[in-house]
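Okay, here's what each chain looks like letter by letter:
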Amino acid sequence: MSKILVIGQHADGKLNSGIAKVVNAAKAIGGDIHVAIFANDGAAVAAQAAALDGVAKVLVVDRAGNDDYVASAIAPQIVALTQSGGYSHVLAAGTTSGKDFLPRVAAKLGVQQVSDVMAVHSATSFDRPIYAGNAILTVEAPAAPAIVATIRLASFQATGAAAAAAPIEKISVDAAIPTHTRFVKLEAQKSERPELQSATRVVSGGRALGSSENFSIIYSLADKLKAGVGASRAAVDSGYVPNDMQVGQTGKIIAPELYFAIGISGAIQHLAGIKDARTIVAINKDPEAPIFEVADYGLVGDLFQLVPELEAKA
Amino acid sequence: MKALVSVKRVIDYNVRIQVKPDGSGVVVDGVKHSVNPFDEIAMEEAVRLKEKGKLTEIIAVTVGGAKCEETLRTALAFGADRAVHVKVDDEIQPLTAAQALAAVFKKEGAELFFLGKQAIDDDAAQTGQMVAALLDLPQATFASAVAIDGGKATVTREVDAGLETLEFDLPGIITTDLRLNEPRYLKLPDIMKAKKKPIEVVGLGDLGVTATAGLKSVKTANPPKRSKGVMVKTVDELVTALKAKGLI
Ligand SMILES: Cc1cc2nc3c(=O)[nH]c(=O)nc-3n(C[C@H](O)[C@H](O)[C@H](O)COP(=O)(O)OP(=O)(O)OC[C@H]3O[C@@H](n4cnc5c(N)ncnc54)[C@H](O)[C@@H]3O)c2cc1C
Ligand SMILES: Cc1cc2nc3c(=O)[nH]c(=O)nc-3n(C[C@H](O)[C@H](O)[C@H](O)COP(=O)(O)OP(=O)(O)OC[C@H]3O[C@@H](n4cnc5c(N)ncnc54)[C@H](O)[C@@H]3O)c2cc1C
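Everything numeric in this text was worked out from a predicted model, so none of it was measured.

Asks: Can you walk me through the pattern of salt bridges in this structure?
Replies: Where charged atoms of side chains with opposite charge meet at close range, the side chains can pair. Counted by the stated rule, this structure contains 33 salt bridges over all chains. Across the pair Lys313(A) and Asp236(B) runs a salt bridge, and its minimum N-O distance is 3.1 Å. Residue Lys313(A) is located in helix H8 (residues 303–313), and its partner Asp236(B) is located in helix H6 (residues 235–244); the two belong to separate chains. A relative accessible area of 41% places Asp236(B) in the partly exposed class. Glu200(B) is paired through a salt bridge with Lys107(B); the nearest N and O atoms lie 3.4 Å apart. One end of the pair, Glu200(B), is in strand E11 (residues 199–203); the other, Lys107(B), is in helix H3 (residues 94–108), and 93 residues separate them in sequence. By relative accessible area, which is 33% here, Glu200(B) ends up partly exposed. Overlapping salt bridges bring together Arg182(A), Lys152(B), Glu167(B) and Asp169(B) as one network.

Here is the structure:
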C-alpha cells in the first residue's frame, strides 16, 4: 500500500487552501496519508491539517526560518523525512512555492517530478497538461524510490472535514541546511476580496481597460458579485494591476463556477488558466475575438458601457 | 565572472499544436520552432549584466538533437560569446537534462546560471531547481528583477502572494519570469556575427552523465473541448441567463 507524504504549505498561520485538494488527490492514489508542516511553530497550522478528512497523521517539523519556505532549506528536510519515513509518494500543491521546492526534492531523490497532476489513474499513472493545456499527457512513473508530484489545484475538489481530528506528532529531521540563501522580504498584496484560486466567481480585465484607474470598474463589479479579481498578462505588463493577479499559463490556473473575461482577447496562454471554469462570460467589442469560441455567454460591445450596466442589474 | 544560459528549442508559442491521432505525441515535423520565450529573457538578462560589466563571458548551452544548433545560433546572436551543444539523439528526461546542464556549469567554472522558469512545451518548470539541487547551490526561481553585487545576488521573485525578495551568495541558479525584461530584436549584423562564433559539441558520456529512464509517456490526448456557447444581445439577457442558472 502507498504511504503518502503531503507537504502542508502555509502562510500567516493558515494552511494553504489547496492542501485540502492535494489530500483529495492523495485519496485517489490510496494509502496512508500524512501531512508534514514545516514551520517556525507549526501547532496552529497542524490542527487545521488534522481536521481534513483522509489525513491519518500530521507531522510537525519546527525550525526557526521554516516559515519563509526558502527552497534550499525546506527541500533537504523533506528529503530526509521521505527517506526516514519510507514514503512512496511526496505531493505538494502546484503553487509557486510547491513549484519552487519540490523539483529540488525530486532531484535529490534521483527522480523526475511529475508536474501539475490533473488526474490520478493509479498509484503510478497520472495525467498532466503540456503545451499550455492544449494536450494532455498520460505518464507512468517508476514506483521506486518514490513518486514526487505537484498537484494542479484547479483539477481537484477539496476534501471535507474529518469526523475526528488526526493525531499530531512533533518530530525532528536530520538534515544539513545551507546558509547561502536568505529570505529578505515579501511584499504581499493585501485584499479583502476572495482569493483568486479559491473564489467561486472571478472577474478579470485585460489590456482594454487602458489604465489602473479604469480598472476600478472591474473591482466594482467584482465587489457586487463577491468575486475575486484577475487579469490578463497584458494588463499586468502594462502596470494596471499587480503580478499576482495574472491568470494563465504563466500565471494562476483557476476553476471558478463563473468567470468574466472583460476586454480580454482570449490568447491560448490566457485560456490555459481558465479551461476548468464552469461558466465563462466574455465581454469584448470585437465579435471575432477568440474568447468567444470558448465563452458560454458572449456579449459584444464597449465594456465601459456594459460593465457598469451589468453591475447595476446583477 | 562567467555565466551559463540554457536555451531550449520548442514549438513556437503562436502555433496551435496538434495531437497525433495515434496518441503518440504532438505533431512536430514541419512546425515552426523557436527558442523558448523564457530562455530569450534569460539570454537578455545575461547580456545586460555583461553590458553593465558584471559578467566577463556568457556561454549558451542546449541539450538536444542536431536542429538545436539553430537555437544556439540565436543565443549567440543575442550576445553569448560561445556555446556548448550537448548532443543527444533520443529524447531525454528532465533529470538527465539537468544532470548534463549541471555538469557543463561545473566544467566551465561559471558562477551564474540563467534558465527559463518553464519550457512552454512540457511546462514542467523543474529543470533549474534540479540543477541547483544537483550542485547544492542556491536557487531563485521566477525572477522579475536581478541585482548582482559584491559576490551576492538579490532577486525579486513573482510568487502567488505578490513579490518576494531573496538574497544568495554566488554561485547560484536563477530562473526567469516574463517581466524580468523585454528581449531585444536581433539585428542582421549580430545574426551574421553569430555564425562565426564557436559551438563545442559534447556527448552525455563526455560529461559523465548516463541517461536515466524516468517517466514513461503512455499517451497524448486532446483536452476535453469546450463547446461554443451562446451570444447574448443585451446585458438584460445576460443577467436573466445567469440568474436562471443560479450563477449570480
Ligand atoms: C510564454 C508566454 C506566456 C504567456 N502567459 C500568459 C498568461 O499567463 N496569461 C495571459 O493572460 N497572457 C499570457 N501571455 C500573453 C498572451 O499571449 C496575450 O498577449 C495576452 O493574454 C493578451 O492580453 P489581453 O487579452 O488583455 O490583450 P489583447 O490581446 O490586446 O486584447 C484586448 C481585447 O480587448 C478588446 N477591447 C478593446 N477595447 C475594448 C472595449 N472598449 N470594450 C470591450 N472590448 C475591448 C479587444 O477587442 C481585444 O480583444 C503569454 C505569452 C507568452 C509568449
Ligand atoms: C513523461 C515524459 C517523457 C518525456 N520523454 C521524453 C523523451 O522521450 N525524449 C525527450 O527528448 N524529451 C522527453 N521529455 C521531455 C524532456 O524531458 C524535456 O524536454 C526536458 O528534458 C526538460 O524540460 P522541461 O520541458 O520539463 O523543462 P522545464 O523544466 O519546464 O524548463 C525550464 C528551463 O530549463 C532549461 N532547459 C530544459 N531543458 C533543456 C534542454 N534540453 N536544453 C537546454 N535547456 C533546457 C530551459 O532554460 C528552460 O527554460 C519527456 C517529458 C516527460 C514529462
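Let us keep going from here.
Asks: Could you clarify how one ought to interpret the site of ligand 2 in this entry?
Replies: Among the 27 residues in the neighbourhood of ligand 2, the closest are listed as Ser6(B), Lys8(B), Asp39(B), Glu91(B) and Ile92(B). In this structure ligand 2 sits where residues from chains A and B come together. In the environment of ligand 2, an oxygen atom lies 2.6 Å from a nitrogen or oxygen atom belonging to the side chain of Lys8(B). In the model, an oxygen atom of ligand 2 is placed 2.8 Å from a nitrogen or oxygen of the Ala125(B) main chain. Computed on the free molecule, ligand 2 has an accessible area of 930 Å², of which 91% lies beneath the protein chains in the complex. Looking at the shell around ligand 2, the elements with two or more residues in it are strand E4 (57–64), H3 and strand E6 (112–116) of chain B. The leading source of residues in the shell around ligand 2 is E4(B), at three residues. The residue inventory of the shell around ligand 2, partitioned by class, reads twelve nonpolar, nine polar and six charged.

Scoring rules and cut-offs
- Residues numbered from 1 in each chain as written.
- Chains lettered and ligands numbered in written order.
- Predicted model: local features only at pLDDT ≥ 70, side-chain atom pairs only at ≥ 80, totals over all residues.
- Heavy atoms only, no water.
- Salt bridge = Lys/Arg side-chain N within 4 Å of Asp/Glu carboxyl O.
- Helix = DSSP H or I, 4+ residues; strand = E, 2+ residues; numbered from the N terminus.
- Buried < 20%, exposed > 50% of the residue type's maximum accessible area, 1.4 Å probe, protein only.
- Near = heavy atom within 4 Å.
- Polar contact = N/O pair within 3.5 Å; in protein donor to acceptor, adjacent residues only side chain to side chain.
- Areas by Shrake-Rupley, 256 points an atom, 1.4 Å probe, with all protein chains shown as cover.
- Nonpolar A, V, L, I, M, F, W, Y, C, P; charged D, E, K, R; others polar.

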